[in-house]
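# Fold and geometry: a report
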Amino acid sequence: MTGVSAGPAEFLAQCEIAYQTMEALRHSTITFVKLAETALEEGLKLGRFLLRGWLERDPRSKPAGEVTCRPCRQAMRIQEWEQNRTLQTALGEIDYQRAYAVCDRCGETRVPLDEALGIPPTGPSVEALQRICHAAVVTKSFEGAAEILQVQARLKMSRKHVRCLSEKEGEVLVKKRADEVAAYQGSHRIVGSSASPA
């Protein structure tokens, strides 16, 4: 489905292909498990098609206005208007293009579309990272987590990559929890051995 414009007519054509793929199985000796796997794969293809089309039509992929450098507060130069990126998502890999800006003064780089959507600068998407963390938590090894991700989420990663991403995400979660505790403690007086109730 790559390279196909993702308008409504094209989406309906892709739905027809998915439907025909399923119908072609009607007269075969197929198991329900294989039938469900085929339906899931066709659904994932449609999901990837929708996401690619949405990213393609998002105005932030080719910003009309100026992109500002955060440190310098000056206009940045768009180095590439259509920089390619392959993103691993929970639906599988998605290829898309977006503008890539560079500050000629300080070297800062920005990708407005990715920033606006919360897509990490490197690695898989946020929901894929969450699946990595959850898989790592429920298994006793990162190799086991990589296997679960391959089977359940169709994400292909080495155990080392799973470990690095899980540890990084874990650090983020620990900091977030610590910030929440600090905010709570800051708004409530803590009663302990050295403090008396108000």
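Here goes a summary of the coordinates provided. Treat the numbers as computed from the prediction; the structure is a model and nothing was measured.

## Thoughts on the overall build of the protein
Each helix and strand counted, the protein has six helices and three strands in total. Mapped in sequence order, the helices and strands of the protein form the string α-α-β-β-β-α-α-α-α. Across the 198 residues that make up the protein, the buried fraction comes to 32%. By element, 56% of the accessible surface of the protein is carried by carbon and sulfur atoms, the whole surface being about 13100 Å².

## Examining unusual backbone geometry
At arginine 73, a position not held by glycine, the phi torsion is positive, near 60 degrees. In this structure, arginine 73 sits in the loop between α2 (32-57) and β1 (77-89). Judged by its relative accessible area of 65%, arginine 73 is exposed.

## Topic: the pattern of salt bridges
This structure, assessed with the given rule, holds eleven salt bridges. The salt bridge partner of glutamate 41 is arginine 48, with a shortest N-O separation of 3.3 Å. Judged by relative accessible area, glutamate 41 falls into the partly exposed class, the value being 26%. Exposure remark for arginine 48: the relative accessible area of 15% places this residue in the buried category. Arginine 85 is paired through a salt bridge with aspartate 114; the nearest N and O atoms lie 3.0 Å apart.

## Quick notes on the sheet that holds β1
Across the sheet, which stays open at both edges, the three strands sit in the order β1-β2-β3 with antiparallel pairing between neighbours. Because the sheet does not close on itself, it has two edges, and the strands there are β1 and β3 (109-110). The pairing of strand β2 (residues 92-102) with β3 spans two bridges and is antiparallel. If you follow alanine 101 over to β3, its bridge partner there is arginine 110.

## So, helix α6 (residues 159-187)
Spanning 29 residues, α6 covers 42 Å between terminal C-alpha atoms, matching the ideal 42 Å at 1.5 Å per step. Turning to α6, its buried residues number three or more, namely Val162, Leu165, Ser166 and Glu169.

## Some thoughts on α2
Between the first and last C-alpha of α2 there are 37 Å, a value that for 26 residues agrees with the 38 Å anticipated at 1.5 Å per step. All buried positions along α2 are accounted for by Thr38, Glu42, Leu44, Leu46, Gly47, Arg48, Phe49, Arg52, Gly53 and Leu55. The elements touched by buried residues of α2 are α1 (8-23), β2 and α3 (112-117).

What counts and what doesn't
Residues numbered from 1 in each chain as written. Predicted model: local features only at pLDDT ≥ 70, side-chain atom pairs only at ≥ 80, totals over all residues. Heavy atoms only, no water. Helix = DSSP H or I, 4+ residues; strand = E, 2+ residues; numbered from the N terminus. Buried < 20%, exposed > 50% of the residue type's maximum accessible area, 1.4 Å probe, protein only. Areas by Shrake-Rupley, 256 points an atom, 1.4 Å probe, with all protein chains shown as cover. Salt bridge = Lys/Arg side-chain N within 4 Å of Asp/Glu carboxyl O. Pairing = 2+ DSSP bridges. Expected span 1.5 Å × (residues − 1). Contact = heavy atoms within 4.5 Å.

Bear in mind that shape data such as this cannot, by itself, settle questions of function.
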